[in-house]
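The lines below spell out each chain.
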Amino acid sequence: GQIIGVMNLVNWIGILTSGLLHLGTSRLLAAMQLPPNLIFLVGVALLIPLLVWYRPVSRDLAMTD
């Protein structure tokens, strides 16, 4: 139950953070007089480092004695 509660909290923090990031990016684009659809390019730019540097640890699932 505690793990589910912590994961719900982390999910809500992510939801609130993404809302603030969207608001800030929208205002920045409006101040620079750029079209609002460029917010998708900002999202892609934020995800590229994740795609480049994140490598999950490979685990051998075979049972060893």
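Above this text sits the structure in question.
These numbers come from a predicted model, not from an experiment.

1. Side note on the overall build of the protein chain
Working step 1: Along the backbone of the protein chain there are two helices and zero strands.
Working step 2: Over its C-alpha trace the protein chain gives a radius of gyration of 19 Å, far above what one expects of a compact globule, namely 11 Å for 65 residues.
Working step 3: Split into buried and exposed, the 65 residues of the protein chain put 5% on the buried side.

2. Observations concerning a nonpolar patch on the surface
Working step 1: A contiguous nonpolar surface patch, about 570 Å² in accessible area, is contributed by Val44, Ile48, Leu51, Val52 and Trp53.
Working step 2: Within the secondary structure layout, Val44 lies in helix H2 (residues 39-53).
Working step 3: Accessibility expressed as a relative area gives 45% for Val44, which makes it partly exposed.

3. Structural notes on unusual backbone geometry
Working step 1: For Gln33, which is not glycine, the phi dihedral falls at a positive 55°.
Working step 2: Counting through the fold element by element, Gln33 comes out in the loop between helix H1 (2-31) and H2.
Working step 3: Since its relative accessible area comes to 73%, Gln33 is described here as exposed.

4. Let's talk about H1
Working step 1: If you check H1, its first and last C-alpha atoms are 43 Å apart, about what 30 residues at 1.5 Å a residue would give, namely 44 Å.
Working step 2: Count one or two residues on from H1 and you reach Gln33, which has phi positive near 55°.

5. Thoughts on the side chain of Thr25
Working step 1: Mapped onto the secondary structure, Thr25 falls in helix H1.
Working step 2: Within the local environment of Thr25, its side chain forms a polar contact with the backbone oxygen of Leu21, the two atoms lying 2.8 Å apart.
Working step 3: Residue contacts for Thr25: discarding those within four places in its chain leaves Ile39 and Val42.

Conventions adopted
- Residues numbered from 1 in each chain as written.
- Predicted model: local features only at pLDDT ≥ 70, side-chain atom pairs only at ≥ 80, totals over all residues.
- Heavy atoms only, no water.
- Helix = DSSP H or I, 4+ residues; strand = E, 2+ residues; numbered from the N terminus.
- Rg over C-alpha atoms; globule rule 2.2 N^0.38 Å.
- Buried < 20%, exposed > 50% of the residue type's maximum accessible area, 1.4 Å probe, protein only.
- Patch = residues over 30% accessible without salt bridge, like charges linked within 9 Å, V, L, I, M, F, W, Y side chains within 5 Å.
- Areas by Shrake-Rupley, 256 points an atom, 1.4 Å probe, with all protein chains shown as cover.
- Salt bridge = Lys/Arg side-chain N within 4 Å of Asp/Glu carboxyl O.
- Expected span 1.5 Å × (residues − 1).
- Polar contact = N/O pair within 3.5 Å; in protein donor to acceptor, adjacent residues only side chain to side chain.
- Contact = heavy atoms within 4.5 Å.

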